[in-house]
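# Chains, contacts and geometry: an overview
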Amino acid sequence: MPTIRFTRLRVSNNYLTTVGVASLAPALRRPWGAGGLQMLNVCHTTLGDAGVAALAKALPPTLEQLRINGTGCSDDGLVALAAALPALTAFECMWCQDNHDATARGWVALARALPSLPALEQLSIMDNELGSEGAAALAAAIPQCPRLEEVWADGCDLDEQAKAALRAAAAR
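Position labels on residues start from 1 in each chain and follow its written sequence. In keeping with the model being predicted, local features are shown solely for residues with a pLDDT of at least 70 and side-chain atom pairs are shown and tallied solely at 80 or more, while totals for entire chains, interfaces and linings include all residues. As a convention, hydrogens and water are excluded, and side-chain values are obtained from all of the structure's heavy atoms.

## Things to note about the pattern of salt bridges
- Only one rule defines a salt bridge in this text: a Lys or Arg side-chain nitrogen within 4 Å of an Asp or Glu carboxyl oxygen. Evaluation of the coordinates by the stated rule reveals 4 salt bridges.
- One salt bridge connects D75 with R105, and the closest N-O pair in it is separated by 3.8 Å. In this pair, D75 sits in helix α3 (residues 75-84) while R105 sits in helix α4 (residues 104-113), placing the two residues 30 residues apart along the sequence.
- Accessibility expressed as a relative area gives 10% for D75, which makes it buried.
- Buried, partly exposed and exposed residues are distinguished by accessible area as a fraction of the type maximum, computed with a 1.4 Å probe on protein chains only: under 20%, between the cut-offs, and over 50%, respectively. Judged by relative accessible area, R105 falls into the partly exposed class, the value being 46%.
- The residue R105 makes a salt bridge to D76 at a minimum N-O spacing of 2.7 Å. In this pair, R105 sits in helix α4 while D76 sits in helix α3, placing the two residues 29 residues apart along the sequence. A run of H or I in DSSP becomes a helix once it reaches four residues, and a run of E becomes a strand once it reaches two; helices and strands are each numbered from the N terminus.

Written out as structure tokens, the structure reads:
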């Protein structure tokens, strides 16, 4: 089987569904360029929970960046993604914006997985419904991520207590 010469794959802004991910999954695990697939962008697709869960199972261990904005996933998708994250030891950056159907349950699961990512530097969860429980879980996770430099949580409609907890976590 030949090596795919690219290290980045962008399949954003289309109608990628669970069926499409099932077709794409074997390719994600194939050898990609020097060092494997490093960036995957599936933003603004119609994946939903089932598609995000299928994608999470197929993520290669070489992945450094995942852009999963506006996929229509809710808690089940985020829980599946959280379960897959510990295998991504080179993972540096996740954009998970505009997934409005996810609630605190999904965000808590994702936040609890973040400390398992030793290379994590950037996290964008803008324009989501974290809730105070999700924000508290994120605030607890931030100090456990030694390389985390940037967290974007704009537009998450957080109360002042949640904002203060995130600011305090970022200051550590």
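## Some thoughts on the nonpolar core
- Think of a nonpolar core as a cluster: buried Ala, Val, Leu, Ile, Met, Phe, Trp, Tyr and Cys residues, connected wherever their side-chain atoms sit within 4.5 Å. Formed by 57 residues in total, the largest nonpolar core has its most connected members in L40, L55, L81, L85, F91, M94 and L114.
- The set of elements that each furnish at least two residues to this core consists of α1 (18-28), α2 (48-58), α3, α4, α5 (131-141) and α6 (160-171).
- Here a residue-residue contact requires only that any non-hydrogen atoms of the pair lie within 4.5 Å. The residues touching L85, leaving out its near neighbours within four places in the chain, are F91, M94, L110, A113, S116 and L117.

## Examining the packing of α3 against α4
- To obtain each axis, a line is fitted to C-alpha atoms, and for helices this fit is confined to the stretch in contact; angles are then taken between N-to-C directions over 0 to 180 degrees. It is the contact of α3 with α4, at a shortest axis distance of 8 Å, that shows an interaxial angle of 10°. On the basis of their axis angle, the class for α3 and α4 is roughly parallel. Of the residues in α4, those touching α3 at D75, D76, L78, V79, L81 and A82 are R105, G106, W107, A109, L110 and A113. For classification purposes, angles smaller than 35 degrees are called roughly parallel, those larger than 145 roughly antiparallel, those between 65 and 115 roughly perpendicular, and all remaining angles oblique.

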